[in-house]
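Architecture and fold: a report
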Amino acid sequence: MKLTVISPEADDPRELSVLGQLFAHGLADYHVRKPRWSREELAAYLGRVPAEFHPRLVLHTHHELAREFPIGGLHERDEPGGTALVLGQSLRRSCAVHDLARLRTALAHQDRVLFSPMFPSFSKPGRVPDPAVTAADLRAVLALPRRAEAIALGGIDAARVAECRELGFDGVAVLGAVWRATSPVMAFLEMQQALPAHAH
């Protein structure tokens, strides 16, 4: 299983320092989600991330910056069609979905699909799973032939990794479990240790 971390939406003075430590501990994918930032703010941020880590970054907005930085992927939910801006580059494509019908479709066309919320969200109070989506339904969809990796998102901590794996997910993505922790690095390491052996 893979472990993905999503950036805090607002400014967090710890972020770049913590991010360097997460990469040093093997973080493979970091989703940069800053919906209120301008292109200039995001470019300045990317300029502060060591270039060696740019291929591990996934941009949620201002996709055209992938022309200036060797970004690894684009997340399309916030900017539909953004990949067209950088045709010719082999960028991973991801999207977020919240129901089974869209999950089934996206798994056939994307490289990675984030399905949420799996559990009551840590970072978005009041955001809870759809009671109509049963574990059996999810397991059935994830067992179908598919192109994309399926990533569980929403309310996931170390104790819930095994449940996500049992349902058939290829990985988990976390936001609140890391950034709301007193020590984001320790929280990440606990998540990492909960993954199946050799999964990271």
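These remarks concern the structure in this document. (Residues numbered from 1 in each chain as written. Predicted model: local features only at pLDDT ≥ 70, side-chain atom pairs only at ≥ 80, totals over all residues. Heavy atoms only, no water.)

A separate point is the packing of aromatic side chains. How two aromatic rings sit relative to each other is given by the distance of their centres and the angle of their planes. The tally for this structure, following the rule as stated, stands at three aromatic pairs. Note on W37 and Y45: the rings are 5.4 Å apart at their centroids and 70 degrees apart in plane angle, and the pair reads as edge-to-face. The exposure classification of W37 matches that of Y45, with both residues buried. Within the aromatic cluster, the residues linked to one another by ring pairs are F23, Y30 and F53. (Phe/Tyr/Trp six-rings, centres within 6.5 Å; stacked < 30°, edge-to-face > 60°. Buried < 20%, exposed > 50% of the residue type's maximum accessible area, 1.4 Å probe, protein only.)

Looking now at the layout of surface pockets. Counted as a void, the largest pocket has a volume near 360 Å³. Contributing to the lining of the largest pocket are 25 residues, with I6, S116, K124, R127 and L153 lying nearest its centre. If you list the elements that add at least two residues to the lining of the largest pocket, you get β8 (171–174) and α6 (176–179). Looking at the lining of the largest pocket, its residues break down into 11 nonpolar, nine polar and five charged. (1 Å grid on protein atoms, 1.4 Å probe; cavity = no way out; pocket = protein on both sides within 12 Å on 5 of 7 lines; lining within 4 Å. Points joined across faces, edges and corners; volume = space filled by probe spheres on them. Helix = DSSP H or I, 4+ residues; strand = E, 2+ residues; numbered from the N terminus. Nonpolar A, V, L, I, M, F, W, Y, C, P; charged D, E, K, R; others polar.)

On to the side chain of H75. Within the secondary structure, H75 sits in strand β4 (residues 73–75). When its relative accessible area of 2% is taken as the criterion, H75 is described as buried. Those residues in contact with H75 that sit more than four places away from it in its chain are H31, V58, L59, H60, H63, S94, C95, A96 and L114. (Contact = heavy atoms within 4.5 Å.)

In terms of nonpolar packing, the biggest core is built from 63 residues, with Y30, Y45, L46, L103, F169 and V172 touching the most fellow members. Setting aside residues up to four positions removed in sequence, Y45 forms contacts with E15, L16, L19, Y30, V32, K34 and W37. (Core = buried A, V, L, I, M, F, W, Y, C linked by side-chain atoms within 4.5 Å.)

Once that is clear, we can look at the pattern of salt bridges. Under the counting rule described, the total for this entry stands at 14 salt bridges. One salt bridge connects E9 with R33, and the closest N-O pair in it is separated by 2.7 Å. Pair noted here: E9 is in the loop between β1 (2–6) and α1 (15–24) and R33 is in the loop between β2 (29–32) and α2 (39–48), with a separation of 24 residues, a long-range link. Assessed through its relative accessible area of 29%, E9 is described here as partly exposed. Note that D170 is salt-bridged to R146, the shortest N-O span being 2.8 Å. Of the two residues, D170 sits in the loop between α5 (161–167) and β8 while R146 sits in the loop between α4 (135–143) and β7 (149–153), which places them 24 residues apart along the sequence. Given the relative accessible area of 28%, D170 is considered partly exposed. The class of R146 is partly exposed, set by a relative accessible area of 26%. Linked through salt bridges whose partners overlap, the residues forming this network are K2, D29, R92, R112 and E149. (Salt bridge = Lys/Arg side-chain N within 4 Å of Asp/Glu carboxyl O.)

Right, let's talk about the environment of D29 for a bit. Structurally, the position occupied by D29 is in strand β2. Under the relative-accessibility criterion, D29 is labelled buried at 7%. With 24 residues separating them along the chain, D29 and F53 place their C-alpha atoms 9.5 Å apart. Not counting residues within four places of it along the chain, the set of residues in contact with D29 comprises L3, T4, V5, R56, V58, R92 and R112. For D29, the side chain forms a polar contact with the side chain of R92, separated by 2.8 Å. (Polar contact = N/O pair within 3.5 Å; in protein donor to acceptor, adjacent residues only side chain to side chain.)

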